[in-house]
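Here are the chains, one letter per residue:
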Amino acid sequence: MLRIMAATDDGAWLKDISLDGLTAPDVSWFWVDFDCPRPEEIELLDSYFQFHPLAIEDCLHLLQRPKVDHYDETHFFVLHALHPETLKAEEVDVFLGPRGIVTFHLMPSQEIDEAWRRMQDPEFRRGRNHSYVAYLLMDKLVDNYFPTLYKIEDQLNEIEDQGENKVDLQEMTEQIYDIRADLLRIRRTVLPMRDLLYRLLNSDKIPAIKEQHAYFTDIYDHLLKLTEMIESNREMTADLRDSYDSLRSNRMNSIMKTLTVMTTIFMPLTFIAGVYGMNFVNMPELEWEAGYFIVVGVMLALGLGMYTWFKRKGWFD
(Lines give C-alpha, C1' and ligand atoms only; values in the text may rest on other atoms or scores of the structure.)
Protein backbone atom coordinates (compact mmCIF):
# COMPACT_ATOMS: atom_id res chain seq x y z
CA MET A 1 0.00 0.00 0.00
CA LEU A 2 1.18 3.48 -0.88
CA ARG A 3 0.24 6.44 1.34
CA ILE A 4 0.95 10.02 0.30
CA MET A 5 0.59 13.36 2.05
CA ALA A 6 1.94 16.75 1.02
CA ALA A 7 1.94 20.40 2.08
CA THR A 8 1.81 23.43 -0.20
CA ASP A 9 3.57 26.76 0.11
CA ASP A 10 0.39 28.45 1.36
CA GLY A 11 -0.09 25.87 4.13
CA ALA A 12 -2.73 23.76 2.40
CA TRP A 13 -2.76 20.05 3.15
CA LEU A 14 -3.01 17.52 0.32
CA LYS A 15 -4.18 13.95 0.95
CA ASP A 16 -4.88 11.02 -1.35
CA ILE A 17 -2.98 12.56 -4.22
CA SER A 18 -1.00 10.69 -6.86
CA LEU A 19 2.76 10.62 -7.23
CA ASP A 20 2.47 12.93 -10.23
CA GLY A 21 0.98 15.58 -7.93
CA LEU A 22 4.22 15.73 -5.91
CA THR A 23 5.96 17.57 -8.75
CA ALA A 24 3.52 20.49 -8.63
CA PRO A 25 5.38 23.79 -8.16
CA ASP A 26 3.36 24.75 -5.08
CA VAL A 27 4.22 21.56 -3.14
CA SER A 28 6.71 22.53 -0.42
CA TRP A 29 7.26 19.06 1.01
CA PHE A 30 5.77 15.55 0.96
CA TRP A 31 5.74 12.22 2.77
CA VAL A 32 5.33 8.93 0.88
CA ASP A 33 4.97 5.75 2.91
CA PHE A 34 5.54 2.31 1.35
CA ASP A 35 3.48 0.20 3.76
CA CYS A 36 3.97 -3.53 3.01
CA PRO A 37 4.37 -2.62 -0.68
CA ARG A 38 3.56 -4.89 -3.61
CA PRO A 39 6.29 -5.72 -6.17
CA GLU A 40 5.01 -3.10 -8.64
CA GLU A 41 5.10 -0.49 -5.88
CA ILE A 42 8.64 -1.44 -4.88
CA GLU A 43 9.73 -0.74 -8.47
CA LEU A 44 8.77 2.93 -7.93
CA LEU A 45 11.83 3.35 -5.68
CA ASP A 46 13.91 3.09 -8.84
CA SER A 47 11.61 4.12 -11.68
CA TYR A 48 10.01 7.18 -10.05
CA PHE A 49 12.21 8.29 -7.15
CA GLN A 50 15.47 7.06 -8.73
CA PHE A 51 17.08 6.18 -5.42
CA HIS A 52 20.54 4.66 -5.40
CA PRO A 53 20.54 0.92 -6.25
CA LEU A 54 22.52 0.10 -3.10
CA ALA A 55 19.91 1.81 -0.94
CA ILE A 56 17.10 -0.08 -2.68
CA GLU A 57 19.02 -3.32 -2.19
CA ASP A 58 19.33 -2.59 1.54
CA CYS A 59 15.56 -2.09 1.71
CA LEU A 60 14.89 -5.54 0.30
CA HIS A 61 17.59 -7.52 2.10
CA LEU A 62 16.82 -7.73 5.81
CA LEU A 63 18.19 -7.22 8.36
CA GLN A 64 20.63 -4.32 8.05
CA ARG A 65 22.34 -2.71 11.02
CA PRO A 66 21.02 0.80 11.85
CA LYS A 67 23.02 3.20 9.72
CA VAL A 68 22.94 6.27 7.49
CA ASP A 69 24.26 6.50 3.93
CA HIS A 70 24.58 9.70 1.91
CA TYR A 71 23.71 9.72 -1.81
CA ASP A 72 24.04 13.25 -3.20
CA GLU A 73 21.13 15.19 -1.65
CA THR A 74 19.30 12.08 -0.43
CA HIS A 75 20.15 10.52 2.92
CA PHE A 76 19.22 6.88 3.52
CA PHE A 77 18.51 5.68 7.08
CA VAL A 78 18.10 2.14 8.33
CA LEU A 79 16.17 2.21 11.60
CA HIS A 80 14.98 -0.57 13.89
CA ALA A 81 11.65 -1.00 15.60
CA LEU A 82 11.29 -3.50 18.44
CA HIS A 83 8.56 -6.12 18.33
CA PRO A 84 6.96 -6.07 21.81
CA GLU A 85 6.33 -9.83 21.93
CA THR A 86 9.26 -11.48 20.15
CA LEU A 87 11.73 -8.64 20.89
CA LYS A 88 13.05 -9.03 17.37
CA ALA A 89 14.22 -5.98 15.43
CA GLU A 90 12.01 -4.88 12.54
CA GLU A 91 13.59 -2.73 9.87
CA VAL A 92 12.21 0.66 8.87
CA ASP A 93 13.96 2.46 5.98
CA VAL A 94 13.82 6.21 5.46
CA PHE A 95 14.88 8.31 2.46
CA LEU A 96 15.28 11.95 3.44
CA GLY A 97 15.60 14.37 0.54
CA PRO A 98 15.56 18.15 0.13
CA ARG A 99 11.79 18.26 -0.60
CA GLY A 100 10.36 15.20 1.04
CA ILE A 101 10.64 11.99 2.99
CA VAL A 102 9.97 8.41 1.87
CA THR A 103 9.50 5.59 4.36
CA PHE A 104 9.68 1.92 3.44
CA HIS A 105 8.80 -1.12 5.56
CA LEU A 106 7.91 -4.66 4.55
CA MET A 107 6.05 -5.31 7.82
CA PRO A 108 3.26 -3.24 9.40
CA SER A 109 4.71 -0.51 11.61
CA GLN A 110 2.79 0.76 14.61
CA GLU A 111 5.21 3.66 15.02
CA ILE A 112 4.74 4.93 11.46
CA ASP A 113 0.98 4.60 11.79
CA GLU A 114 1.10 6.71 14.97
CA ALA A 115 3.24 9.37 13.27
CA TRP A 116 0.94 9.37 10.24
CA ARG A 117 -2.14 9.95 12.41
CA ARG A 118 -0.32 12.68 14.31
CA MET A 119 0.50 14.55 11.13
CA GLN A 120 -3.19 14.56 10.19
CA ASP A 121 -3.87 17.00 13.04
CA PRO A 122 -3.93 20.53 11.57
CA GLU A 123 -2.78 22.12 14.84
CA PHE A 124 0.10 19.70 15.25
CA ARG A 125 1.48 19.89 11.71
CA ARG A 126 1.41 23.68 11.56
CA GLY A 127 4.96 24.88 10.90
CA ARG A 128 6.27 21.31 10.51
CA ASN A 129 8.12 19.93 7.53
CA HIS A 130 9.60 16.64 6.34
CA SER A 131 12.68 16.97 8.57
CA TYR A 132 10.35 17.07 11.57
CA VAL A 133 8.64 13.94 10.26
CA ALA A 134 12.06 12.22 10.30
CA TYR A 135 12.46 13.24 13.95
CA LEU A 136 8.91 12.13 14.77
CA LEU A 137 9.50 8.68 13.27
CA MET A 138 12.75 8.13 15.19
CA ASP A 139 11.17 9.43 18.38
CA LYS A 140 8.22 7.01 18.07
CA LEU A 141 10.56 4.09 17.40
CA VAL A 142 12.70 4.86 20.45
CA ASP A 143 9.77 5.63 22.76
CA ASN A 144 8.29 2.21 22.03
CA TYR A 145 11.44 0.58 23.45
CA PHE A 146 10.55 1.77 26.95
CA PRO A 147 7.41 -0.33 27.71
CA THR A 148 9.30 -3.56 27.10
CA LEU A 149 12.10 -2.54 29.44
CA TYR A 150 9.65 -1.36 32.10
CA LYS A 151 7.95 -4.76 31.91
CA ILE A 152 11.29 -6.51 32.44
CA GLU A 153 12.06 -4.24 35.39
CA ASP A 154 8.72 -5.19 36.97
CA GLN A 155 9.56 -8.87 36.54
CA LEU A 156 12.95 -8.40 38.19
CA ASN A 157 11.44 -6.46 41.10
CA GLU A 158 8.89 -9.23 41.61
CA ILE A 159 11.64 -11.86 41.65
CA GLU A 160 13.70 -9.79 44.06
CA ASP A 161 10.73 -9.31 46.41
CA GLN A 162 10.10 -13.04 46.58
CA GLY A 163 13.61 -13.59 47.92
CA GLU A 164 14.01 -17.04 49.42
CA ASN A 165 10.42 -17.37 50.63
CA LYS A 166 9.53 -20.90 49.56
CA VAL A 167 10.41 -20.27 45.92
CA ASP A 168 11.29 -22.84 43.30
CA LEU A 169 14.95 -21.99 42.83
CA GLN A 170 15.23 -23.94 39.59
CA GLU A 171 12.23 -22.13 38.09
CA MET A 172 13.50 -18.74 39.26
CA THR A 173 16.96 -19.38 37.85
CA GLU A 174 15.49 -20.31 34.47
CA GLN A 175 13.33 -17.18 34.55
CA ILE A 176 16.39 -15.02 35.27
CA TYR A 177 18.28 -16.56 32.35
CA ASP A 178 15.28 -15.88 30.09
CA ILE A 179 15.25 -12.24 31.19
CA ARG A 180 18.99 -11.94 30.50
CA ALA A 181 18.37 -13.31 27.00
CA ASP A 182 15.59 -10.75 26.46
CA LEU A 183 17.87 -7.94 27.63
CA LEU A 184 20.53 -9.09 25.19
CA ARG A 185 18.02 -8.96 22.31
CA ILE A 186 16.96 -5.43 23.28
CA ARG A 187 20.59 -4.39 23.68
CA ARG A 188 21.33 -5.50 20.10
CA THR A 189 18.69 -3.03 18.93
CA VAL A 190 19.27 -0.09 21.28
CA LEU A 191 23.06 0.20 21.08
CA PRO A 192 23.27 0.46 17.26
CA MET A 193 20.46 3.04 17.33
CA ARG A 194 22.35 5.01 19.97
CA ASP A 195 25.51 4.94 17.86
CA LEU A 196 23.52 6.08 14.82
CA LEU A 197 22.06 9.08 16.66
CA TYR A 198 25.53 9.98 17.93
CA ARG A 199 26.88 10.04 14.37
CA LEU A 200 23.91 12.09 13.16
CA LEU A 201 24.37 14.72 15.86
CA ASN A 202 28.05 15.05 15.05
CA SER A 203 27.66 15.17 11.28
CA ASP A 204 27.33 18.24 9.08
CA LYS A 205 26.11 16.35 6.01
CA ILE A 206 22.39 16.49 6.80
CA PRO A 207 20.88 20.00 6.99
CA ALA A 208 17.61 18.59 8.38
CA ILE A 209 19.43 17.34 11.47
CA LYS A 210 20.81 20.83 12.08
CA GLU A 211 17.31 22.28 11.78
CA GLN A 212 15.96 19.85 14.39
CA HIS A 213 19.17 19.45 16.43
CA ALA A 214 17.50 19.91 19.81
CA TYR A 215 14.85 17.33 18.96
CA PHE A 216 17.37 14.71 17.80
CA THR A 217 19.43 15.40 20.92
CA ASP A 218 16.36 14.49 22.95
CA ILE A 219 16.14 11.13 21.14
CA TYR A 220 19.83 10.52 21.88
CA ASP A 221 19.20 11.24 25.56
CA HIS A 222 16.41 8.67 25.57
CA LEU A 223 18.73 6.10 24.03
CA LEU A 224 21.35 6.83 26.68
CA LYS A 225 18.70 6.26 29.35
CA LEU A 226 17.68 3.00 27.68
CA THR A 227 21.29 1.86 27.60
CA GLU A 228 21.68 2.60 31.31
CA MET A 229 18.46 0.72 32.08
CA ILE A 230 19.64 -2.30 30.12
CA GLU A 231 23.03 -2.41 31.85
CA SER A 232 21.43 -1.87 35.25
CA ASN A 233 18.96 -4.69 34.67
CA ARG A 234 21.73 -6.99 33.42
CA GLU A 235 23.67 -6.31 36.62
CA MET A 236 20.55 -7.04 38.67
CA THR A 237 20.01 -10.35 36.85
CA ALA A 238 23.65 -11.27 37.52
CA ASP A 239 23.23 -10.49 41.24
CA LEU A 240 19.96 -12.41 41.44
CA ARG A 241 21.49 -15.34 39.58
CA ASP A 242 24.43 -15.46 41.99
CA SER A 243 22.08 -15.17 44.98
CA TYR A 244 19.86 -18.01 43.82
CA ASP A 245 22.88 -20.14 42.97
CA SER A 246 24.14 -19.57 46.52
CA LEU A 247 20.72 -20.43 47.97
CA ARG A 248 20.52 -23.57 45.90
CA SER A 249 24.04 -24.55 46.96
CA ASN A 250 23.19 -23.93 50.63
CA ARG A 251 20.04 -26.02 50.36
CA MET A 252 22.01 -28.81 48.75
CA ASN A 253 24.65 -28.63 51.48
CA SER A 254 21.92 -28.75 54.14
CA ILE A 255 20.36 -31.81 52.53
CA MET A 256 23.72 -33.53 52.22
CA LYS A 257 24.53 -32.72 55.86
CA THR A 258 21.23 -34.17 57.06
CA LEU A 259 21.73 -37.32 55.01
CA THR A 260 25.28 -37.66 56.29
CA VAL A 261 24.15 -37.35 59.92
CA MET A 262 21.41 -39.93 59.42
CA THR A 263 23.89 -42.29 57.79
CA THR A 264 26.30 -41.80 60.67
CA ILE A 265 23.59 -42.64 63.21
CA PHE A 266 22.66 -45.87 61.44
CA MET A 267 26.25 -47.03 60.89
CA PRO A 268 26.76 -48.47 64.43
CA LEU A 269 23.23 -49.87 64.37
CA THR A 270 23.97 -51.61 61.11
CA PHE A 271 27.21 -52.92 62.61
CA ILE A 272 25.39 -54.43 65.61
CA ALA A 273 22.72 -55.96 63.36
CA GLY A 274 25.46 -57.34 61.12
CA VAL A 275 27.33 -58.96 64.02
CA TYR A 276 24.22 -60.67 65.35
CA GLY A 277 23.22 -61.73 61.92
CA MET A 278 26.32 -63.93 61.42
CA ASN A 279 25.56 -67.67 61.24
CA PHE A 280 27.94 -69.10 63.87
CA VAL A 281 26.83 -72.03 66.08
CA ASN A 282 28.96 -71.23 69.13
CA MET A 283 28.09 -67.52 69.47
CA PRO A 284 27.69 -65.87 72.92
CA GLU A 285 24.37 -64.35 73.96
CA LEU A 286 22.38 -66.34 71.39
CA GLU A 287 20.74 -68.39 74.16
CA TRP A 288 19.72 -65.40 76.26
CA GLU A 289 15.98 -65.11 76.63
CA ALA A 290 16.20 -61.31 76.87
CA GLY A 291 19.01 -60.99 74.32
CA TYR A 292 16.80 -59.52 71.58
CA PHE A 293 15.34 -56.88 73.83
CA ILE A 294 18.77 -55.98 75.24
CA VAL A 295 20.24 -55.51 71.73
CA VAL A 296 17.26 -53.47 70.54
CA GLY A 297 17.49 -51.33 73.67
CA VAL A 298 21.19 -50.76 73.14
CA MET A 299 20.54 -49.80 69.51
CA LEU A 300 17.78 -47.37 70.47
CA ALA A 301 19.90 -45.82 73.22
CA LEU A 302 22.85 -45.51 70.88
CA GLY A 303 20.74 -43.93 68.12
CA LEU A 304 19.01 -41.48 70.44
CA GLY A 305 22.29 -40.59 72.11
CA MET A 306 23.98 -39.81 68.80
CA TYR A 307 20.92 -37.82 67.63
CA THR A 308 20.93 -35.76 70.85
CA TRP A 309 24.65 -35.11 70.56
CA PHE A 310 24.36 -34.00 66.90
CA LYS A 311 21.37 -31.83 67.78
CA ARG A 312 23.31 -30.03 70.53
CA LYS A 313 26.18 -29.40 68.14
CA GLY A 314 23.73 -27.76 65.72
CA TRP A 315 24.25 -30.20 62.85
CA PHE A 316 20.52 -30.24 62.07
CA ASP A 317 20.21 -26.42 61.80
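What counts and how
- Residues numbered from 1 in each chain as written.
- Predicted model: local features only at pLDDT ≥ 70, side-chain atom pairs only at ≥ 80, totals over all residues.
- Heavy atoms only, no water.
- UniProt positions renumbered as here; feature names shortened; annotations may be inferred.
- Helix = DSSP H or I, 4+ residues; strand = E, 2+ residues; numbered from the N terminus.
- Rg over C-alpha atoms; globule rule 2.2 N^0.38 Å.
- Contact = heavy atoms within 4.5 Å.
- Areas by Shrake-Rupley, 256 points an atom, 1.4 Å probe, with all protein chains shown as cover.
- Lys, Arg positive; Asp, Glu negative; His and termini not counted.
- Charge placed at Lys NZ, Arg CZ, Asp CG, Glu CD.
- Buried < 20%, exposed > 50% of the residue type's maximum accessible area, 1.4 Å probe, protein only.
- Core = buried A, V, L, I, M, F, W, Y, C linked by side-chain atoms within 4.5 Å.
- Pairing = 2+ DSSP bridges.
- Axes fitted to C-alpha atoms, helices over the stretch in contact; angles between N-to-C directions.

Under an unreviewed UniProt entry, the name given to the protein chain is Magnesium transport protein CorA, and the source organism is Cohnella hongkongensis. Under the Function (unreviewed entry) heading, UniProt states for the protein chain: "Mediates influx of magnesium ions." The UniProt entry for the protein chain carries the following comment under Sequence similarities (unreviewed entry): "Belongs to the CorA metal ion transporter (MIT) (TC 1.A.35) family."

**Concerning the overall build of the protein chain**
Helix and strand counts for the protein chain stand at 11 helices and 7 strands. Its C-alpha atoms give the protein chain a radius of gyration of 36 Å, clearly above 20 Å, the size a compact globule of 317 residues would have. When its C-alpha atoms are laid out on the principal axes, the protein chain stretches across 125 × 35 × 30 Å. Intrachain contacts of the protein chain at a sequence separation of at least 6 include 66% that bridge at least 24 residues. Split by element, the accessible area of the protein chain, about 18,100 Å² in all, is 54% carbon and sulfur. The averaged location of the 53 negative side-chain charges in the protein chain is 4 Å from the averaged location of its 32 positive side-chain charges.

**What to know about the side chain of E41**
Along the chain, E41 turns up in helix α1 (residues 39-42). In this structure E41 comes out as buried when scored by relative accessible area, which is 8%. Not counting chain neighbours up to four residues away, the residues in contact with E41 comprise M1, L2 and F34.

**Things to note about the nonpolar core**
Grouped together as the largest cluster of nonpolar side chains are 57 residues, with contacts concentrated most on W31, F77, M119, F216 and L223. Residue contributions to this core peak at 11 residues, all from helix α8 (residues 169-201). Each residue touching W31, except ones within four places of it in the same chain, is listed here: R3, I4, M5, I101, T103, I112, A115, W116, M119, V133 and L137. By size, the runner-up hydrophobic cluster in this structure holds 21 residues, among which are I4, A6, F51 and V78.

**As for the sheet that holds strand β1 (residues 2-8)**
Here 7 strands make up an open sheet; going across it, the order is β2-β1-β3-β7-β6-β5-β4 and the pairing mixed. Each end of this open sheet is capped by a strand with a single partner; those strands are β2 (13-15) and β4 (67-71). This sheet shows a mean twist of 15° between the axes of neighbouring strands, independent of strand direction. In the sheet, strand β5 (residues 74-82) pairs with strand β6 (residues 89-96) via 8 bridges, with the strands oriented antiparallel. For H75, the partnering residue across the bridge sits in β6 and is L96. Its contacts with the sheet place helix α4 (residues 110-119) against β1, β2, β3 (27-35), β5, β6 and β7 (100-105), and it is angled at close to 150° to β3.

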